[in-house]
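# Structural overview
Next come the chains, spelled out residue by residue.
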Amino acid sequence: MKASTVVTAIGRSKTATVLVRDCSLAGTVRTLGTMNKRHILISGASIAGLACAYWLRNYGFAVTIVEIAPAPRAGGQAVDLRGAGRTVVERMGMLEDARSIGLEQAGISWVDEHGRSRAAISSDDFDGEGFISEIEILRGDLVDLLNRRIGDEVEYLFNDTITELAQDANGVDVVFRHAPARRFDLVIGADGLHSSARAAAFGPEEQFVNSLGLYTAWFTAPAFDDLDGWYQTYNCAGGLVASIRPGRISTESKAALSFRPRRGETIRYDRRDRLAQVALLDERFAGAGWHTARLLEAARTASDFSLDGMGQVDLDRWFNGRVALIGDAAACPSPLSGLGTSVALVGAYVLAGELGSGAGHVAAFEAYDRIVRPYAQGAQQLAGGTGGFAPMNELTIRLVQASMSWATRWPVRGFMEKQFNKSTDIELPYYSSDL
Ligand SMILES: Cc1cc2nc3c(=O)[nH]c(=O)nc-3n(C[C@H](O)[C@H](O)[C@H](O)COP(=O)(O)OP(=O)(O)OC[C@H]3O[C@@H](n4cnc5c(N)ncnc54)[C@H](O)[C@@H]3O)c2cc1C
C-alpha cells in the first residue's frame, strides 16, 4: 500500500463528505453528515456504477463506491451514446458536455490488407443511429464526465474490492480485501463482466457468463495518417480483426485487436501479465498484414492496454435480497452489440429511480428488473454474432464486406435499422429528481 495515501475532507453545504483515495486509510475516516441516510455500497466506478451513484445521491442516499483500480479507470475505445442511454445522459444534464467531447468520425469502413476500402458506411447514412452513433465518446472521457457530474458527495474506496457479503433482514455486512469490514443497507454490483459482487451474492462466474469465443485487446496507439477520420476495420482469415479509429487527440488513435480461439483451444493468460498477453497477440497476428505490426508494437507500451474475453451475462433475476446488479455485471450484451453503455445507463437510472421513489428495496428491485429486462434482452440478440465480426475464412470475409456495402439499401437497410432501433426500445419512466 502506498505510504502517500491522500484522504481529503471536503465540506459541502450542511454535509461534510470524505473522499478516500486509497483504501489503506479507509478505516480511519468517517463519512460525516450521512448518518441518518440509507447507505448504499456500489462496486465498480465505471459507467453503470457512476451513473447510479449520481442518481442515488440526488435522491438523498449516502453512497460509497469501491473500485478495484487505484483511480478511475481510463482507456477503452469509443462507446455509443444512443437511444435511451442518450436520454439518461440528457436527464443528467450532461448531453451538451458529452457532445462537445464526442469523436468526429466520418464513418466505418472495412479495408483489405493494402488499406483499400471494400465497404463503407458513413456516419450520416443512418441519421446518426447506425454503426457510428450521433454521439460516440471515449469510454475514459465518459467516466471522467460522470465523475465530474457526481462531484464530491460520494465516498470512494479505490484499490479495493468486496471479498464477502453476508446479509440479514436489515443490512449487508461487507468484507473488503483491504478496508475494514462495514455494514450497508444495500449493495449494488456494477463491477462488469467479472463482477465480484455477483460472485459473492449469486455464485461463481461460470454459472452466468456465456463466452462468445472472442478475445479483444483495447489500447491507445499513435495516429495513423491514412485513417482520414474513418474507423477502419480489417478482417484476416482465421478470425482475426484489427481496427483503428481516430482518437480525440490528433496525435493518437484508438486500436483494438481481436482473435478467436482455434478449434478445441482454451485460451489461458495471466490477467496481470501484460507481456504474456502481448506475446499471445504477437503469435496470433504474426504476418497478418495491414497495420497489425505497428499495432502490436503500440500494444507493448500503451498505458491503457486491456485484454479480455467477450461474453454475455445471463441471470434469471438481477437481485438477491439486499444486493442488486446493474450494467455488464447483470446483463452484459458484449461490445459486439454496441448497446452495453445504453444498458448500463438505463439500468443505473431505473434502479436508482425506483429506490428513490421510496417503495422499499424489495419493490424497487422487482420494478427495476421488470422494466429493464426486455431492453437488456433485446441488446443481447446479436445480429451478425462472432462469425460476422470475425469471419474464419476469405469467403465469409468477402460476404460480410458485400453485405456491408449494401447496408444502406434494401433489404439490408431494414435489417440494420431493426438492430440499431433496439437502443430506443424502452419507455423510460420519469422520477422525481429528473432535471
Ligand atoms: C478498461 C475498459 C475498457 C473498455 N473498453 C471498451 C471499448 O472499447 N468498447 C466497448 O464497447 N466497451 C468497452 N468496455 C466495456 C464497457 O465500458 C461496458 O461494456 C459498458 O459501458 C458497461 O459498463 P459497466 O459500468 O457495466 O462495466 P465496466 O465498464 O466493465 O466497468 C466495471 C468497473 O468495475 C471495476 N471492477 C471490476 N472488478 C471489480 C472488483 N472486483 N471490485 C471493484 N471494482 C471492480 C472495473 O475496474 C470497472 O471500473 C470497456 C470496459 C473497461 C473497464
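For the structure, see preceding data.
In short, a report on the structure. (Residues numbered from 1 in each chain as written. Predicted model: local features only at pLDDT ≥ 70, side-chain atom pairs only at ≥ 80, totals over all residues. Heavy atoms only, no water.)

Before going further, it helps to examine the packing of aromatic side chains. For the structure shown, the criterion picks out twelve aromatic pairs. Seen from their ring centres, Tyr156 and Phe158 are 5.2 Å apart, and the 5° between their planes marks the pair as stacked. Here a set of aromatic residues connected by ring pairs shows up, and it is made of Tyr54, Trp55, Tyr59, Tyr349 and Tyr431. Geometry around Trp406 places Arg409 over its ring, the cationic atom sitting 4.1 Å from the centre. (Phe/Tyr/Trp six-rings, centres within 6.5 Å; stacked < 30°, edge-to-face > 60°. Lys NZ or Arg CZ within 6 Å of the ring centre and 35° of its normal.)

Around the ligand, 28 residues are found, and the nearest of them are Ser46, Glu67, Arg73, Gln77 and Asp328. At 3.2 Å from an oxygen atom of the ligand is found a main-chain nitrogen or oxygen belonging to Ile47. Glu67 has a polar side-chain atom sitting 2.6 Å from an oxygen atom of the ligand. Every element with two or more residues in the shell around the ligand is listed here: helix H1 (47–58), strand S4 (62–67), helix H8 (327–331) and helix H9 (340–356). Among the elements that line the shell around the ligand, the one with the most residues is H9, at three residues. Classifying every residue of the shell around the ligand by side-chain character gives eleven nonpolar, eleven polar and six charged. (Near = heavy atom within 4 Å. Polar contact = N/O pair within 3.5 Å; in protein donor to acceptor, adjacent residues only side chain to side chain. Helix = DSSP H or I, 4+ residues; strand = E, 2+ residues; numbered from the N terminus. Nonpolar A, V, L, I, M, F, W, Y, C, P; charged D, E, K, R; others polar.)

What follows concerns the side chain of Ser337. Secondary-structure assignment places Ser337 in the loop between H8 and H9. The class for Ser337 is buried, based on a relative accessible area of 10%. A polar contact of 3.0 Å, which involves the side chain of Ser337, links it to the backbone nitrogen of Leu339. (Buried < 20%, exposed > 50% of the residue type's maximum accessible area, 1.4 Å probe, protein only.)

In this section: unusual backbone geometry. Leaving glycine out, the prevailing phi sign among residues is negative, and the prevailing peptide bond configuration is trans. With an omega dihedral of 0°, the bond running from Trp410 to Pro411 counts as a cis peptide bond. Relative to the helices and strands, Pro411 resides in the loop between helix H12 (394–405) and helix H13 (412–420). Non-glycine residue Asp228 carries a positive phi angle of around 55°. Mapping Asp228 onto the fold places it in the loop between strand S14 (209–222) and strand S15 (230–236). Even without a glycine there, the phi angle at Trp290 is positive, about 50°. Within the element layout of this structure, Trp290 appears in the loop between helix H6 (274–285) and helix H7 (292–301). Trp290 gets classed as buried once you look at its relative accessible area, which sits at 14%.

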